[in-house]
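What follows is each chain in one-letter form.
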Amino acid sequence: MPKPVALLTGATGYIGSHTCVELIAAGWQVIVLDNLSNSSPVVIDRIARISGVRPDFIQADVRDRSRLDRVFSTYAIDAVIHFAGLKSVGESVAAPLRYYDHNVTGTLCLLDAMREHDVRRIVFSSSATVYGMSGEMPLTEESRLAPSNPYGRSKLIVEEMIADIVAATQGWRAMLLRYFNPVGAHPSGTMGEDPAGTPNNLMPYIAQVAVGRRPRLSVYGGDYATPDGTGVRDYIHVMDLAAGHVAALGCIGRKGLPPLSRINLGTGRGHTVLDVVRAFEAASGRAIPFRIVARRPGDAASCYAGVTLAHQVLGWKAMRSLREMCADTWRWQAANPHGYSDRAA
Ligand code: NAD
Ligand code: UFG
């Protein structure tokens, strides 16, 4: 039997690369398409080393419609996972049109190419940021949608575009996966998150402090109504997230399932910033100096997922603990202090 074929856009990036490895292990043929605007081609070597299979790589932009035509004509693609996009909240506030261009126009091009080439299965990387954060926790898929920045709005617009095409056309199937806070790395220590410039997110920042690239962590706010006053988030190991995508592709065509599902991918548990600092210190054996500074504008006190639907629909649950998230991040960071530019590692 020929292997089913998945096109993964944005899969030299952090989440896509880990998903690629898990899909190959699950018996898929994977085609990677990425414009390398926020990732390194070395990732393909790492995927090949882990998997024993080198996925075909196409350096292209999802907004390049004629290039997409060629890709869909070349391969008999069964399903698409669409990771490609820009993801910094702060940048999206400063350059909103750029975000709508890559995230919304990019998805429009992709959906149109899929329509033309009769490929009707899509899994989309959405985000917890589509929810309003002021209400009750946990956030369930029924919680109020109220993104507070252009990045979040671009994700919600894409969710609605996909829902519209699914409603309009027989045979389309879609899974909109709303990720909470992906962290961690492949347990081999050869793949992980490699942010350009100063990390915006907590875990990569802590990892760079631990490895000596930054002197200390600034903890944004110590006076939230949380157990220790610092922000609470639902951190999910990237390998669990990858397994969630394998589960989504495994059941996307299942009889009895609605053609479109919106599903949270998180652990259902919250941890404070200081919980993460302590867990990372234990995993790395390094002290993480920090100081508490002012709150970061726009941050919620607390955000964690309701995960019942993921379990019901996908038969999937996040398995890995905060300790494993920190241990795997540390293994990656210690072996690759400068990320993928440390090519010898
Ligand atoms: P990432 O930046 O590591 O990966 C995204 C990839 O897309 C990069 O390799 C980049 O080069 C590529 N890309 C960007 N614009 C492109 C374009 N126009 N054409 C082709 N390729 C393009 O990010 P990630 O953390 O792996 O995130 C993957 C997806 O998940 C994104 O859509 C992101 O918005 C979403 N998401 C991420 C998080 C998170 O915290 N990491 C949380 C929720 C949702
Ligand atoms: N934090 C610090 N210091 C830092 C970085 C973060 O104290 O240097 C704190 C934040 O204040 C927050 C927690 O650590 O309490 C987590 O912050 P992250 O930036 O790692 O994650 P966020 O939850 O703020 O944002 C993430 C994604 C966004 C997405 C959002 C909601 O980065 O893209 O989740 O899904 F919109």
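As a starting point, this report considers the structure included with it. (Residues numbered from 1 in each chain as written. Chains lettered and ligands numbered in written order. Predicted model: local features only at pLDDT ≥ 70, side-chain atom pairs only at ≥ 80, totals over all residues. Heavy atoms only, no water.)

Looking at the nonpolar core
Where a protein is soluble and globular, its nonpolar side chains tend to be buried together. What counts is decided by this rule: Side-chain atoms within 4.5 Å are what join buried Ala, Val, Leu, Ile, Met, Phe, Trp, Tyr and Cys residues into a set we call a nonpolar core. Residue exposure (1.4 Å probe, protein chains only): buried if accessible area is under 20% of the type maximum, exposed if over 50%, otherwise partly exposed. For this analysis, residues touch if any pair of their heavy atoms sits within 4.5 Å.
The biggest cluster of nonpolar side chains holds 42 residues, and the ones touching the most others in it are Leu8, Met175, Leu265 and Leu314. Not counting chain neighbours up to four residues away, the residues in contact with Leu8 comprise Gly16, Thr19, Cys20, Leu23, Val30, Ile31, Val32, Leu33, Ile81 and Phe83. The next biggest cluster of nonpolar side chains, apart from the first, holds 33 residues, and it includes Val80, Ala113, Ile162 and Leu176.

Here we look at the site of ligand 2
Basically, it comes down to this: We call a residue near a molecule or strand whenever a single non-hydrogen atom of that residue lies within 4 Å of it. Side-chain atoms alone can form a polar contact between residues adjacent in sequence; in general such a contact is a pair of N or O atoms within 3.5 Å, and within protein one must be able to donate a hydrogen while the other accepts it. Here, Shrake-Rupley sampling with a 1.4 Å probe gives the accessible areas, and only protein chains in the shown set may cover a residue. A run of DSSP states H or I qualifies as a helix once it reaches four residues; a run of E qualifies as a strand once it reaches two. Both are numbered from the N-terminal end.
Around ligand 2, 20 residues are found, and the nearest of them are Asn201, Ser218, Arg233, Arg296 and Asp299. Note that an oxygen atom of ligand 2 is positioned 2.9 Å from one of the side-chain N or O atoms of Asn181. A distance of 2.6 Å separates an oxygen atom of ligand 2 from a polar side-chain atom of Arg233. For ligand 2, whose accessible area on its own is 680 Å², the fraction buried by protein is 89%. Per-element accounting of the shell around ligand 2 gives the leading share, four residues, to strand E8 (residues 217-220).

Some thoughts on the sheet that holds strand E1 (residues 5-9)
Where we set the bar: When DSSP locates at least two bridges between a pair of strands, those strands are taken to pair. Helix axes are fitted only over the stretch in contact, all axes being lines through C-alpha atoms; the angle between N-to-C directions runs from 0 to 180 degrees.
Reading across the sheet, the seven strands line up as E3-E2-E1-E4-E5-E6-E11 and stay open at both edges, with parallel pairing between neighbours. Only two strands of the sheet have a single neighbouring strand rather than two, namely strand E3 (56-59) and strand E11 (260-265). Across the sheet, the mean angle separating the axes of adjacent strands is 20° when strand polarity is ignored. As paired strands, E1 and strand E2 (residues 29-34) are joined by five bridges and run parallel to one another. Bridge assignment links Thr9 to a residue of E2, and that residue is Leu33. The strands that helix H1 (residues 14-25) touches are E1, E2, strand E4 (79-82) and strand E6 (173-179); relative to E1, the one it contacts most, it runs at about 170°.

Some remarks on the pattern of salt bridges
To keep things clear, this is the line we draw: Definition used for salt bridges: Asp or Glu carboxyl oxygen within 4 Å of a side-chain nitrogen of Lys or Arg.
Following the criterion strictly, the structure yields 16 salt bridges and no others. A salt bridge links Arg295 to Asp223; the nearest nitrogen and oxygen atoms lie 3.0 Å apart. One end of the pair, Arg295, is in the loop between strand E13 (290-293) and strand E14 (302-303); the other, Asp223, is in the loop between E8 and strand E9 (232-233), and 72 residues separate them in sequence. Taking the shortest distance from any N to any O, the salt bridge between Asp328 and Arg331 comes out at 2.6 Å. Of this pair, Asp328 and Arg331 both sit in helix H11 (residues 322-335), three residues apart, roughly one helical turn. Here Arg331 falls in the partly exposed class, since its relative accessible area comes to 37%.

Comments concerning the site of ligand 1
Around ligand 1 sit 28 residues, and of these Asp34, Asn38, Ser39, Lys87 and Tyr151 come closest. Gly13 is positioned with one of its backbone polar atoms (N or O) 3.3 Å from an oxygen atom of ligand 1. Val62 places a main-chain nitrogen or oxygen 3.0 Å from a nitrogen atom of ligand 1. Protein contacts shield 95% of the accessible area of ligand 1, which totals 820 Å² for the unbound molecule. Listing elements by their share of the shell around ligand 1, those giving two or more residues are H1, strand E5 (121-127) and helix H6 (150-168). Top element by residues in the shell around ligand 1 is E5. It accounts for three residues.

Observations concerning the packing of H1 against helix H2 (residues 42-51)
Here is the rule we go by: Note that the term roughly parallel is reserved for angles under 35 degrees, roughly antiparallel for angles over 145, roughly perpendicular for angles of 65 to 115, and oblique for everything else. Helix crossings are classified by the rotation of the near helix relative to the far one: an anticlockwise turn of less than a right angle makes the crossing left-handed, while a clockwise turn makes it right-handed. Amino acids are sorted into nonpolar (Ala, Val, Leu, Ile, Met, Phe, Trp, Tyr, Cys and Pro), charged (Asp, Glu, Lys and Arg) and polar (every other residue, Gly among them).
Interaxial distance between H1 and H2 falls to 10 Å at its minimum, and their mutual angle equals 30°. Here H1 is positioned roughly parallel relative to H2, judged by the angle of their axes. The hand of the H1/H2 crossing is right-handed. Contacts between H1 and H2 involve Ser17, Cys20, Val21 and Ile24 from the former and Val43, Ile47, Ile50 and Ser51 from the latter. For the contact of H1 with H2, the class distribution of residues is six nonpolar, two polar and no charged.

A short note on helix H9 (residues 273-284)
The following threshold applies: Each residue after the first adds 1.5 Å to the expected span of a helix.
Over its twelve residues, H9 extends 16 Å from the first C-alpha to the last, a length consistent with the 16 Å expected when each residue adds 1.5 Å. Taken together, the buried positions of H9 are Val273, Leu274, Val276, Val277, Ala279, Phe280 and Ser284. Those residues of H9 that are buried are in contact with helix H7 (202-210), E8, strand E10 (235-237), strand E12 (271-272), E13 and H11. Immediately downstream of H9, the backbone of Gly285 shows phi near 70°, a positive value.

Remember, this is a structural readout, not a statement about activity or role.
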